Each structure stands twice: as C-alpha cells, then as structure tokens.
Amino acid sequence: MKAIIPVAGWGSRFLPATKAMPKEMLPVVDKPVIQYIVEELLDAGVYDIVFVTGRHKRAIEDHFDINPDLEQHLEKAGKKELLELVRNISYLINPIYIRQKQQLGLGHAVLTARPALGAEEPFLVSLGDIIIRKENTVKRLIELHKRFGKSVIALFEVPREEVSKYGIAKVKKIDESIYLIEDIVEKPSVEEAPSNLAVVGRYLFTPSLWEKLEKTKPGKGGEIQLTDAIKALLQEEAVYAFKVTGKVYDTGNKLGFLKTIVDFALERPDLSAEFMEYLQQVVKENSKAKK
Ligand code: UTP
C-alpha cells in the first residue's frame, strides 16, 4: 500500500522558524519530525511514500536523498557510525514528491497526490507533524481495513475544551475501541461537538474518497477540508474508526513541540540523567521565584 504525507502547509504557528525551513524538519533531539512519521510507515511495511510538498519544502527531499559530500567527509573523518546513520536514511523509502502549487487545504493536498496512486487502490494518509508512539497506528489501520474492507480513521480523546482545534467524530461503538463513524465536523465549538473524539492524522481510505475530494468546496477557514470529503464519503460507505492507545505528540504547535522534545530527550540513555537533573533544577528555581 502507498501512503501520502502532506507537508505543503505554511507552518505559520512556527514563524519565523518556518520562513525558510519546513516545520516537519524541526529536530526532536537529533531526528527531524518527518523521519518519525516515515519510520512508523516503514515499520508497517509501507515503502512507497508520496510527499505533497511546496516551494519552501526542499529540505525534506534532501533529507531522504543521498548526500555524497557529507558521506565523503564522514568517511574521511572515520566517523563510521554517523556515516551509516546518514546513508541509511537515503535508502529507507521509495519517495515520490508532488508539488501542491497553492496551499488550498489538507483535502486539496491529498487530492494533489492522486496521480501517484492507483485509481482503484486503497491508500494511507499520515500527517507530517503528528508523532504517535508506543503503538503503530498504521499497522492498526491496515488490520482493520483487512477486516472490514472499508476506510478507517484513527481517533484520540481530547479534553472537551479543546475540540475546536480538531475534526471531531460522532461515533457508534461496535467493539472494544472500534467504532463506526456516523458524522464528522471540522473544528466545532464546544457546544456543537458531537463527542471529544478527534481525528489524529492517520487515515486509510478506499478509492471512493477521490470523487468526494474532487467535489469538496472550500469549508472552514476557506480551505478544502479533508473532513468535509470524509463527511460526503459517509453518505455512501461505512467508515470505521479506532481509538489510539499510544501517546500523541502534535509537533505543529509550540507547546506540543516543547512537550515532545522533553519526553523524547528523557527517554534517551545518553541524555536523560543530566537533562532530568536540569529540569528539576529549573522547576525548583521557578517555583522559588514565584513564591
Ligand atoms: P496544519 O494546518 O496543521 O498545518 O495542516 P500548516 O498549515 O502547515 O500549519 P499552520 O496552521 O500554518 O501553523 C495539517 C497538515 O496538512 C498539510 C500541512 O503541511 C500539515 O501537515 N497541509 C495543509 C498541506 O499539505 N497543504 C495545505 O494546503 C494545508
């Protein structure tokens, strides 16, 4: 199965850092965010990855390509481990790059990838700024698609007051943490929200989605929303969902990114002890200053 990773967005919540650099290349300790998303796909046996990119996203293409100058330098310097690390990334996947010329929304970005996908094939979509750990959600999407033969969407629980940041689903439970989607709304108000189950950025779609995307008009924020195409798909086909049990890191906003770095650094054997000591010291100093 092929996967689409849309990475053409502006990343405006991270300006000025994203003026010349994709937000998907921000490092989580020493690995860019996008590599974690790619590794989850690889671990699920998905190698053909279609990146929907834009003019300002060249660094992503370079990251998954070979870099002869750097490799030569590392070889000469006898830095074998680093050389292997850098080389391996170039051979991880079979990347396909398509440009979204205008950033018209996530739905439009997915539709832009269509020429690279088989007309009759189901396909995956993973968002380029959401890392999910301790559970391979892509494997789960594939398993459930095999079981039901339909589209499947990963959901996660969010605090009620945060529903207006996400696509929110109305669901009917059919099994332990498996649901049928009855309705879906993009960024509803707390009052409008049919639940607190939010779309988390991992999807598997049947090819019926293409026709719906083609007909989707600009919605919330004037963007062509993937959520609206899913809503149209629901009129025709069952769409299944499951609740993610792993930890979700939204690196596309500042606080989410900071939390990601702290958690990942604390899990690194080469950093955790000293970093923890530093964090404790910071907390102590800050609480003293507040008193
Ligand atoms: P976001 O709204 O989270 O990302 O879109 P953004 O637009 O890059 O960030 P802000 O809001 O300006 O800070 C969700 C995903 O959809 C992609 C983004 O790259 C992101 O991974 N996207 C969004 C596109 O590829 N094209 C678009 O036109 C819009």
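The model shown is predicted, which means the values in this text are computed figures rather than measured ones.

*Asks:* Would you take a moment to explain the packing of helix H9 (residues 254-266) against helix H10 (residues 272-290) for this structure?
*Replies:* Axes are the key here: two packed helices are described by the angle between their axes and the distance separating the axes. Direction vectors running N to C along H9 and H10 enclose 130°, while the axes themselves pass 8 Å from each other. Accordingly, the angle class assigned to the pair H9 and H10 is oblique. Seen from H9, the contacting residues are Val262, Ala265 and Leu266; seen from H10, they are Ser272, Phe275, Met276 and Leu279. Tallied by class, residues from the contact of H9 with H10 come to 6 nonpolar, 1 polar and no charged.

*Asks:* Mind showing me how you'd approach the site of the ligand here?
*Replies:* Around the ligand, the structure places 18 residues, and the nearest of them are Gly11, Ser12, Arg13, Gln100 and Gly105. Note that an oxygen atom of the ligand is positioned 2.9 Å from one of the backbone N or O atoms of Ala8. Separating an oxygen atom of the ligand from a backbone N or O atom of Gly105 is a distance of 2.8 Å. Here the ligand, which alone exposes 560 Å², has 84% of that area covered by the protein. Of the residues that constitute the shell around the ligand, the class distribution is 7 nonpolar, 7 polar and 4 charged.

*Asks:* Help me understand the pairing of strand E9 (residues 167-175), please; the structure alone is not making it clear to me.
*Replies:* One face of the sheet, then the other: side chains in a regular strand alternate in exactly this way. Two elements, E9 and strand E10 (residues 178-186), share 8 bridges in a ladder whose sense is antiparallel. Each bridged residue has a counterpart across the sheet, and for Ile168 the counterpart in E10 is Val185. What sits between the antiparallel neighbours E9 and E10 is a turn of 2 residues, in which Ser177 has the positive phi angle 55°.

*Asks:* Can you help me understand the environment of Leu85 in this one?
*Replies:* If you trace the backbone, Leu85 turns up in helix H4 (residues 80-90). Residue classification places Leu85 among the exposed positions, given a relative accessible area of 52%.

About the thresholds
Residues numbered from 1 in each chain as written. Predicted model: local features only at pLDDT ≥ 70, side-chain atom pairs only at ≥ 80, totals over all residues. Heavy atoms only, no water. Axes fitted to C-alpha atoms, helices over the stretch in contact; angles between N-to-C directions. Helix = DSSP H or I, 4+ residues; strand = E, 2+ residues; numbered from the N terminus. Parallel < 35°, antiparallel > 145°, perpendicular 65-115°, else oblique. Contact = heavy atoms within 4.5 Å. Nonpolar A, V, L, I, M, F, W, Y, C, P; charged D, E, K, R; others polar. Near = heavy atom within 4 Å. Polar contact = N/O pair within 3.5 Å; in protein donor to acceptor, adjacent residues only side chain to side chain. Areas by Shrake-Rupley, 256 points an atom, 1.4 Å probe, with all protein chains shown as cover. Pairing = 2+ DSSP bridges. Buried < 20%, exposed > 50% of the residue type's maximum accessible area, 1.4 Å probe, protein only.

These figures come from the coordinates and say nothing about function on their own.
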